Amino acid sequence: MNKNKLDFINTQDWSIEDLEDILKIAEEVKKSPKKYLHSLEGHSLGLCFFNPSTRTKNSMEVAIGQLGGFAVYNDSESLWMGYKSESIKDTASVLGRYHSALGIRMFPNVVQWEYKASHRQLLEFAKYSRCPVINLEDDMYHPCQAISDVFTIKEKFGNIKNRKFILSWAYHPKPLPLSVPNSTILIMTKFGLDVTLVCPSEYILDDEILQQSYKNAKESGGSFNIIHDLENGYKDSEIIYVKSWCSLKAYGNSKEEKKIRMPYKDKWICNSKLMELTDKNSIFMHCLPVRRNIVVTDDVIDGPHSIVYDQAENRLYINKAILLKIIQN
Amino acid sequence: MNKNKLDFINTQDWSIEDLEDILKIAEEVKKSPKKYLHSLEGHSLGLCFFNPSTRTKNSMEVAIGQLGGFAVYNDSESLWMGYKSESIKDTASVLGRYHSALGIRMFPNVVQWEYKASHRQLLEFAKYSRCPVINLEDDMYHPCQAISDVFTIKEKFGNIKNRKFILSWAYHPKPLPLSVPNSTILIMTKFGLDVTLVCPSEYILDDEILQQSYKNAKESGGSFNIIHDLENGYKDSEIIYVKSWCSLKAYGNSKEEKKIRMPYKDKWICNSKLMELTDKNSIFMHCLPVRRNIVVTDDVIDGPHSIVYDQAENRLYINKAILLKIIQN
Amino acid sequence: MNKNKLDFINTQDWSIEDLEDILKIAEEVKKSPKKYLHSLEGHSLGLCFFNPSTRTKNSMEVAIGQLGGFAVYNDSESLWMGYKSESIKDTASVLGRYHSALGIRMFPNVVQWEYKASHRQLLEFAKYSRCPVINLEDDMYHPCQAISDVFTIKEKFGNIKNRKFILSWAYHPKPLPLSVPNSTILIMTKFGLDVTLVCPSEYILDDEILQQSYKNAKESGGSFNIIHDLENGYKDSEIIYVKSWCSLKAYGNSKEEKKIRMPYKDKWICNSKLMELTDKNSIFMHCLPVRRNIVVTDDVIDGPHSIVYDQAENRLYINKAILLKIIQN
C-alpha cells in the first residue's frame, strides 16, 4: 500500500498549510481553467455513490473532466459491496487499482442509523484502496463542502479571521445527517473564525466534535460558542450558515426524533426578520438542496445577502484543487 | 443571466436561417468528423433524464464526446428536483453554472398527465440556467428529433420543398406523448413540405399546434391538411412518417383513452398494402423505438422504403451541430 | 454489415494466434500506458449492462478512457430492448451506428432461466450491430475474464503449458451462472494446461463444453479430466481456480437447485487444509466478487497463494488490448 497517499476524509486530518494550499490551487484553476485542461490526462476518478447527489456528482464529474481525466460513476446498484455480497476490502482493493482516486458517498442509511457506522466503512475503504479516497459525505463529515465554503467566504470577505460566523439549525420535515454541521464548525474554527452554533438544546452536536472545535479555535485564535436562542445568535453575525440536522438524542429513530423536532416547525426558519439583526454586509449560506419556506424563506435565499449559487459553483474549483493535490502524476 | 444564450426548446423559436445553419453544420460534421475532435474541449453537457432513453442518450453522449467534451448523465434518482425536494430554480441555477449546456428529458408522467405541465417546467428550468438548455423531449416538443428528420429527408431527396409528407397515426398498446407529432408537423410545414396529418378524428392534435402549422405552411409555401382516411392519406405520398400518440380527448386518463384507441387496433397499422399506394420512391420513417407488427409490419420496416436506421444515425450529427451552435467557446 | 468485424463473444471463435496477440498487446499496454493515451481518440464504447457489475464496468470504462476514447453506460433502465418494447434488431442496429464497439452484459435472469437463452440474444445483437460486440458475460461465456486469467497465469509462471490447473466448484447460497466455469475450462485447455474440473457429480458442466474442452486439450497438447473428490483434485495442483455455479440438473429452478446444493455447504469450500495439498508455489484465483468464508476462507484469499487482486487488475490491460484489437481506426 501507498502510505504516502493523501486521503481526504476529514479536514481535521489535514494541516492548515495543506488546506491553504487547496484554496490557493482552487483560486488559480478558477482564474485560468484552460491552463489545466490536460493536467490529469489518463487519470480516472472512480465514484461510488451509495446515495444519490446532484451537486457533488456533477461538480466532481466536471472537475475531473475539465482536468483532462474522466469519471466512472457507480451507483449502489453497480456495487456488490456492503449490504450486498462483497466485502469492503475486496471492492476497495480492486477499485483502488483501476482508478487514480476514489470518491465515496455514504449516508447514514447505507449501513444503519448508528452514528459513525458509515464513517467507519469509509475508513475501511480507504485502508484497502491503493489510491487516495475522497469522502463525498458520510454520516460524520462532508469535507469537500467544508473547504469549499471557506473558499467562498474568503472570496467574499478577503480576510476571514475572527469573522462572526453562525451555524444555525433549522426545522426540516425529515431527519438529516450530521456531516455538514460537523464539518462546518470544525473547519470554521480551524480557520480562526468566531463561530457560534445556534440550535435548540436537543440539537447540540456530538461532544467529540465540540471538543475538537474548542481546540481548533484556541489554536487558530478564533472562538467557539453555543447559543440556544435564535435572535441572540443572529445578532451582528457576518456569515449566516443555515442547515437542518437530526438530533443525536434519537438518532436513527425517526418517530422519536420527529417528536423532538415538531415544536420547532415555523419557528426555527431563517427569515428576513432574523436577517435584519445581522451585520449589513452579512452573507447567507446554505449547501443546498434546501426546502424553501421551511428552512429559509424565499425573500432571504433570493435576497441580497444570499450567495448560495456562488457557494455551489465554487465546489467545482475546490474539487479540481483536491484532485490536483492528491492525484500523483 | 446570459440573455443571448441559445436555448433549443422548440423549433418554432428558431428562425429558418438558424435551423438551416444547424443542417449545414451537421452535414459538415458528418463528412469530416475528425476535424471537430477537439472543438468543445473542456466543455461538459449536463444531461437530466427524468425518463430513460436509448437513442437520445447515446447519440447525445457520443456527440459531445466526439467533439472533445464530455457528458455528465443524471437520471431521476440523481436529481432532487421537482417531485423530490429541490426547486427547479435551485437545480437549474446550480447545474447551469457547472456545465456548458444542459439537456433535459421530461415526459408527461414526470409531473402529471396535464398537457403542457412538463413543458412549463422545462421553460422554468431554461429561465434559471445560465447555460443553454436543449429540450430532449418534453410533453409538447421533441425538437432534436424534428430537425434531425429534416436532415434525413434532405439527404434522401435533395430538394424537400413541396414534397408530399404524411404523418400517420398508428395504434399502440399504450398512450404515448404528443411531442413527436407536434414537432414533426411544425418543422415540416416550416420547411415548406406539403404536409398531411392522417389520423382518426379523436387523434387530432392540439389546436394551437395546428394553427401554427397552417401559418408555417403559408409562410414557407408549403401546405397543411388533415385527412381521417388511411388510404387517401397514403396515396402518392413521398415521405411516410408513422407514429402513435395519445388522444387529447382523454389525456392522462389511460382507461378512457384505451376505449378510444382499441377500435383502431390492427387497422391503423402501416403495412405493405398501404405502402403500395405511395410514390414508388417513397421513404418510410419512424423515430423508434417501435412495436413491430403493431405499429408497422416487419416487411415495411425491413423493406426497401424504410430508412429508419439512417434516420436514427443522423441524430448524432444533428446533436453535434446543435452543440457546436449553442455552446460558446 | 461489416463482415470482417471482430466480435469477442466466445474465445472458441478466436484462433490461438489472435488470442496470443491480445496477450501481447496487453503486456505492452501494461508496461507503457502513456504510449496509448490517444490511440482511440473519438471512439466510443457503448455499454449495455442488463445486469450490474463492479469490475467489468470499471475496468472497461477505464480501459476505453485511458486509450483516449470514452464509454457510454446504459443500464437496463436506459434500454427499451428485450423485455421492454424494442426488438434486439432495432436496438443493435442503432447503437451499432453510434459506437465503435459495444459491450453487452446479460445474465441468465434477463431473458429467462433457460440455458443459452441470453447467449442467443447476444448473438442476435452481434448479428445486427455494425460495430464489433464484446460479450461482458452472458449465460454461457465470460471471454474477457477467461483471456485475462490466462494473462495473469502467464505473468506468474512464464511458461503455462501443462501447468496443473484445477477449476474447483464451491458452495454458495445462490445459484450462479455457468459462464465463468465454461469459459475457464475452454480457454485453459486451449492454451495447453493440464486442466481438472473438480466438482460434485451434479455440478458437471454442459456436455458440449466438455467435448470442446477435450478437443482443445488434444489439439494444444494439454489434458482435461474430471474429478468428483476435493482432496484428490487439489493434490499437487499449481493453479487453484475456485468458483461456484448452479447445477444444470435444476437450471432456473432455484428451489430444486437448493436441495442439490445444500449438502455441500461447509464442505465444498476452499480452505488452508486443501491448499496444503497443492504445489508449494501454487496460486489461488477467483474472479470476484466472492462470499468470504463460504466459498473460500479468509486465510486462503488473504494468504500467500492468493493473487486475486492482481487477477482483477489485469482485466484492465486485457480490456485495453481487446479494444485496440477490434476497433478499427
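What counts, and where the lines are drawn
- Residues numbered from 1 in each chain as written.
- Chains lettered and ligands numbered in written order.
- Predicted model: local features only at pLDDT ≥ 70, side-chain atom pairs only at ≥ 80, totals over all residues.
- Helix = DSSP H or I, 4+ residues; strand = E, 2+ residues; numbered from the N terminus.
- Rg over C-alpha atoms; globule rule 2.2 N^0.38 Å.
- Buried ≥ 20, exposed ≤ 12 C-beta atoms within 10 Å, placed from the backbone.
- Least-squares fit on C-alpha atoms with pLDDT ≥ 70 in both.
- Contact = placed C-beta atoms within 7 Å.
- Pairing = 2+ DSSP bridges.
- Axes fitted to C-alpha atoms, helices over the stretch in contact; angles between N-to-C directions.
- Expected span 1.5 Å × (residues − 1).
- Nonpolar A, V, L, I, M, F, W, Y, C, P; charged D, E, K, R; others polar.
- pLDDT = per-residue confidence, 0-100.
- Right-handed = clockwise from strand over helix to strand, strands pointing away.
- Domains from an automatic or database assignment.
- Parallel < 35°, antiparallel > 145°, perpendicular 65-115°, else oblique.
- Left-handed = near helix turned anticlockwise from the far one by under 90°.
- Core = buried A, V, L, I, M, F, W, Y, C linked by C-beta atoms within 7 Å.

## Some words on the overall build of chain A
Line of reasoning, step 1. A tally of regular secondary structure across chain A gives 13 helices and 9 strands.
Line of reasoning, step 2. For chain A, the C-alpha radius of gyration of 19 Å lies close to 20 Å, the compact-globule estimate for 329 residues.
Line of reasoning, step 3. Reported as C-alpha extents along the three principal axes, the dimensions of chain A are approximately 50 × 45 × 35 Å.
Line of reasoning, step 4. Across the 329 residues of chain A, 57% fall into the buried class.

## With respect to the relation of the copies chain B and chain C
Line of reasoning, step 1. With an RMSD of 0.0 Å, chain B superimposes on chain C once it is rotated by 120 degrees and translated 0.0 Å along the axis. Between the two chains, the operation in question is that of a three-fold axis. Taking the C-alpha atom as reference, chain B places Phe70(B) closest to the rotation axis, 5.0 Å from it.

## A few points about the relation of the copies chain A and chain B
Line of reasoning, step 1. With an axial shift of 0.0 Å and an RMSD of 0.0 Å, the rotation relating chain A to chain B amounts to 120 degrees.
Line of reasoning, step 2. An overlap of only 4% is found between the interface residues of chain A and their copies at the interface of chain B, pointing to separate contact surfaces.

## A closer look at the sheet that holds strand 6 (residues 194-198) of chain A
Within a sheet, neighbouring strands are paired by backbone hydrogen bonds and run either parallel or antiparallel to one another.
Residues and elements named next belong to chain A.
Line of reasoning, step 1. Taken in spatial order, the 5 strands line up as 7-6-5-8-9 in an open sheet, and their pairing is parallel. Looking at the sheet topology across the chains shown, the edges are occupied by strand 7 (223-227) and strand 9 (283-285). Ignoring strand direction, the axes of neighbouring strands in this sheet form an average angle of 20 degrees.
Line of reasoning, step 2. Bridge count for strand 8 (residues 239-243) against strand 9 is 3 bridges, and the pairing is parallel. Pairing of Ile239 across the sheet is with Ile283, part of strand 9.

## Observations concerning helix 2 (residues 55-66) of chain B
Residue and element names in this part refer to chain B.
Line of reasoning, step 1. The end-to-end C-alpha separation of helix 2 is 16 Å, in line with the 16 Å expected for 12 residues at 1.5 Å each.
Line of reasoning, step 2. Across the 12 residues of helix 2, 12 count as buried, placing the element largely inside the fold.
Line of reasoning, step 3. Looking one or two places after helix 2, you find Gly68, whose phi comes out positive at around 95 degrees.

## With respect to the environment of Ile240(A)
All names here are of chain A.
Line of reasoning, step 1. The topology assignment puts Ile240 in strand 8.
Line of reasoning, step 2. Separated by 30 residues in the primary sequence, Ile240 and Cys270 have C-alpha atoms spaced 9.2 Å apart.
Line of reasoning, step 3. When neighbours within four sequence positions are excluded, Ile240 is seen to be in contact with Ile166, Ser168, Tyr234, Cys270, Thr278, Ser282, Phe284 and Met285.

## Notes on the interface of chain B and chain C
Line of reasoning, step 1. Between chain B and chain C, the residue contacts involve 24 residues of the former and 21 residues of the latter.
Line of reasoning, step 2. Looking at the side of chain B that touches chain C, the element that brings in the most residues is helix 2 of chain B, giving 8 residues.
Line of reasoning, step 3. Residue classes in the side of chain B that touches chain C are distributed as 11 nonpolar, 6 polar and 7 charged.

## What to know about the environment of Val180(A)
Residue and element names in this part refer to chain A.
Line of reasoning, step 1. Positionally, Val180 belongs in helix 7 (residues 179-190).
Line of reasoning, step 2. Here the alpha-carbon distance between Val180 and Phe70, two residues 110 residues apart in the chain, equals 27 Å.
Line of reasoning, step 3. Here Val180 is in contact with His142, Gln145, Lys243 and Cys287, once residues within four sequence places are set aside.

## Here's the deal with the interface of chain A and chain B
Line of reasoning, step 1. Taken together, the contacts link 24 residues of chain A with 21 residues of chain B.
Line of reasoning, step 2. Taken together, the elements giving at least two residues each to the side of chain A that touches chain B come down to helix 2 (55-66) and helix 13 (308-326) of chain A.
Line of reasoning, step 3. It is helix 2 of chain A that contributes the most residues to the side of chain A that touches chain B, 8 residues altogether.
Line of reasoning, step 4. Grouping the constituent residues of the side of chain A that touches chain B by class yields 11 nonpolar, 6 polar and 7 charged.

## Description of the confidence of the model for chain A
Line of reasoning, step 1. Mean pLDDT for chain A: 95, with 97% of residues reaching 70 or above.
Line of reasoning, step 2. What the predictor reports for the complex is a pTM of 0.97 with an ipTM of 0.96.

## So, the pairing of strand 2 (residues 70-75) of chain B
All names here are of chain B.
Line of reasoning, step 1. For strand 2, a buried count of 5 out of 6 residues is recorded, marking the element as mostly surrounded by other parts of the structure.
Line of reasoning, step 2. Bridge analysis of strand 1 (residues 44-49) against strand 2 gives 6 bridges, and the strand direction is parallel. Following the sheet pairing, Leu45 is matched in strand 2 by Ala71.
Line of reasoning, step 3. Each parallel crossover has a hand, and the one from strand 1 via helix 2 to strand 2 is right-handed.

## Topic: the domain arrangement of chain A
All names here are of chain A.
Line of reasoning, step 1. Each assigned domain of chain A is listed here: domain 1 (11-141 + 314-326) and domain 2 (145-311).
Line of reasoning, step 2. The gap between the C-alpha centroids of domain 1 and domain 2 is 25 Å.
Line of reasoning, step 3. Taken together, the contacts link 22 residues of domain 1 with 23 residues of domain 2.
Line of reasoning, step 4. Counting only elements with at least two residues in the side of domain 1 that touches domain 2, the list comes to helix 1 (16-31) and helix 13.
Line of reasoning, step 5. For the side of domain 1 that touches domain 2, the leading source of residues is helix 1, giving 5 residues.

## What about the pairing of strand 7 (residues 223-227) of chain C?
Put simply, side chains in a regular strand alternate between the two faces of the sheet.
Residue and element names in this part refer to chain C.
Line of reasoning, step 1. Examined bridge by bridge, strand 6 (residues 194-198) and strand 7 share 5 bridges and lie parallel to one another. For Leu197, the partnering residue across the bridge sits in strand 7 and is Ile226.
Line of reasoning, step 2. The β-α-β motif built from strand 6, the intervening helix 8 (residues 207-220) and the parallel element strand 7 has right-handed crossover chirality.

## Description of the sheet that holds strand 2 (residues 70-75) of chain C
Line of reasoning, step 1. The strand order across the open sheet formed by 4 strands is 2-1-3-4 (chain C), and the pairing between neighbours is parallel. Each end of this open sheet is capped by a strand with a single partner; those strands are strand 2 and strand 4 (133-135) of chain C. Shown here is a sheet whose adjacent strand axes are inclined to one another by a mean of 20 degrees, direction ignored.
Line of reasoning, step 2. Across the sheet, helix 2 of chain B lies against strand 1 (44-49) and strand 2 of chain C, angled at about 165 degrees from strand 2 of chain C, the strand it touches most.

## Considerations on the packing of helix 7 of chain A against helix 8 (residues 207-220) of chain A
Two quantities define a packed helix pair, namely the angle between the axes and the distance from one axis to the other.
Residues and elements named next belong to chain A.
Line of reasoning, step 1. Relative to each other, helix 7 and helix 8 sit at 15 degrees, their axes nearing to 7 Å. It follows that helix 7 is roughly parallel to helix 8 by the angle criterion. Between helix 7 and helix 8 lies a crossing whose hand is left-handed. Packed against helix 7, whose contacting residues are Asn182, Ile185, Leu186, Thr189 and Lys190, the element helix 8 presents Ile209, Gln212, Ser213, Asn216, Ala217 and Ser220 at the interface.
Line of reasoning, step 2. When grouped by side-chain class, the residues that make up the contact of helix 7 with helix 8 number 4 nonpolar, 6 polar and 1 charged.

## A word on the nonpolar core
Line of reasoning, step 1. Membership of the largest hydrophobic core comes to 299 residues, with the highest contact counts inside it found for Leu323(A), Leu323(B) and Leu323(C).
Line of reasoning, step 2. Aside from chain neighbours lying at most four places away, what touches Leu323(B) is Leu40(B), Leu45(B), Ala63(B), Ile64(B), Leu67(B) and Ala101(B).

## What to know about unusual backbone geometry
Most of the time, phi is negative for any residue but glycine, and the peptide bond is trans.
Line of reasoning, step 1. Of note, the bond from Leu288(A) into Pro289(A) is cis; its omega dihedral lies within 30 degrees of zero at -5 degrees.
Line of reasoning, step 2. When you line up the elements, Pro289(A) lands in the loop between strand 9 and helix 12 (298-301).
Line of reasoning, step 3. Residue Asp266(C) is not a glycine yet carries a positive backbone phi of 65 degrees.
Line of reasoning, step 4. You can see Asp266(C) is positioned in the loop between helix 10 (254-261) and helix 11 (272-275).
Line of reasoning, step 5. Judged by the 9 C-beta atoms lying within 10 Å of it, Asp266(C) is exposed.

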